[in-house]
Amino acid sequence: MRRHTAIVIIGFMVLAAGRLPARAEPGSVDARRELARALVGAWLPLESGLAVSAREGTPLSAKYEIDDGAFQLSVYTWKADTGSGDSFTEVIVDFSTGLVARVDTITGGNDLAAAQRQKATMARAKRSLGEAGLDGSGPLAEVTLVRGDEWKIITVRLD
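Basis of the calculations
- Residue positions are counted from 1 within each chain, in the order its sequence is given.
- Residues qualify for local features only when their pLDDT is at least 70, as the model is predicted, and side-chain atom pairs are given and counted only at 80 or more; totals for whole chains, interfaces and linings, by contrast, use all residues.
- Excluded from the side-chain calculation are hydrogens and water; included are all heavy atoms of the structure.
- You can read pLDDT as the predictor saying how much it trusts each residue, on a scale of 0 to 100.
- Secondary structure elements are taken from DSSP: a helix is a run of H or I of four residues or more, a strand is a run of E of two residues or more, and numbering for both begins at the N terminus.
- Contacts between residues were defined by any pair of non-hydrogen atoms, one from each residue, lying within 4.5 Å.
- Helix span is expected to be 1.5 Å times the residue number reduced by one.
- Three labels apply to residues, based on accessible area from a 1.4 Å probe with only protein chains included: buried if under 20% of the type maximum, exposed if over 50%, partly exposed otherwise in between.
- Pairing of aromatic rings covers Phe, Tyr and the six-membered ring of Trp, with a centre-to-centre limit of 6.5 Å; geometry is then stacked below 30 degrees between planes, edge-to-face above 60, and tilted otherwise.
- Geometrically, a charge over a ring is one whose NZ (Lys) or CZ (Arg) sits within 6 Å of the ring centre while staying within 35 degrees of the ring normal.
- The directions considered for the arc run from the helix axis to the C-beta atoms.

Report on the confidence of the model for the chain, specifying residues and quantitative values.
Within the chain, residue pLDDT values average 74, and 74% of them lie at 70 or more. Between the elements of the chain, mean pLDDT differs from a low of 39, seen in strand β1 (residues 8-15), to a high of 95, seen in strand β5 (residues 99-105). With pLDDT under 50 throughout, residues 1-25 is counted as low confidence; its partners more than four residues away or in other chains account for 85 contacts.

Describe in detail helix α3 (residues 109-124), supporting the description with residues and values.
Over its 16 residues, α3 extends 24 Å from the first C-alpha to the last, a length consistent with the 22 Å expected when each residue adds 1.5 Å. When we look at burial in α3, the residues that qualify are L112, A114, A115, Q118, T121 and M122.

Any chance you could break down the packing of aromatic side chains for me, citing the residues and the numbers?
The geometry of an aromatic ring pair is captured by two quantities: the separation of the ring centres and the angle between the planes. Inspection of every chain in the model, using the stated rule, returns one aromatic pair. Looking at K63, its charged tip hangs above the ring of Y76, at a distance of 5.6 Å from the centre.

Quick one: what's the story with helix α2 (residues 46-53), residue by residue and with numbers?
Residues of α2 that are buried: L46, G49, L50 and S53. The arc that holds every buried residue of α2, seen down its axis, measures 100°, which confines them to one face.

Below, the structure written as structure tokens:
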């Protein structure tokens, strides 16, 4: 992706019944500007992040975010475990190398609740996040686009 590309895809967030809280969509103008500045150096497309994280399980959501001051590509994944039930992870992809930097197990709180809602939504989807298109109805992905200080959120159907 060229540095002066007019539109940059920031994130997919699978939506269940309503909007989920998304760190990829910061509330304050300053937080959005900070994320927009960080995105200038992020050449790795979300599709690549989804592909590299798939070794940890089925991708449920992907987003560029600033977490504790660090810019990162975060992908939530799910894997069925016959012994202990569902396993959810947050895969942090190094956006400069395109490799997995860290894998954290999601064990509770808002992150686990969000991952479970995303899994339920993806179970109804006929296409994966990587195959998301603009037609149909049903499960959705949220795509945030940015150009300078302009932000636009587009809802994309997954079936």
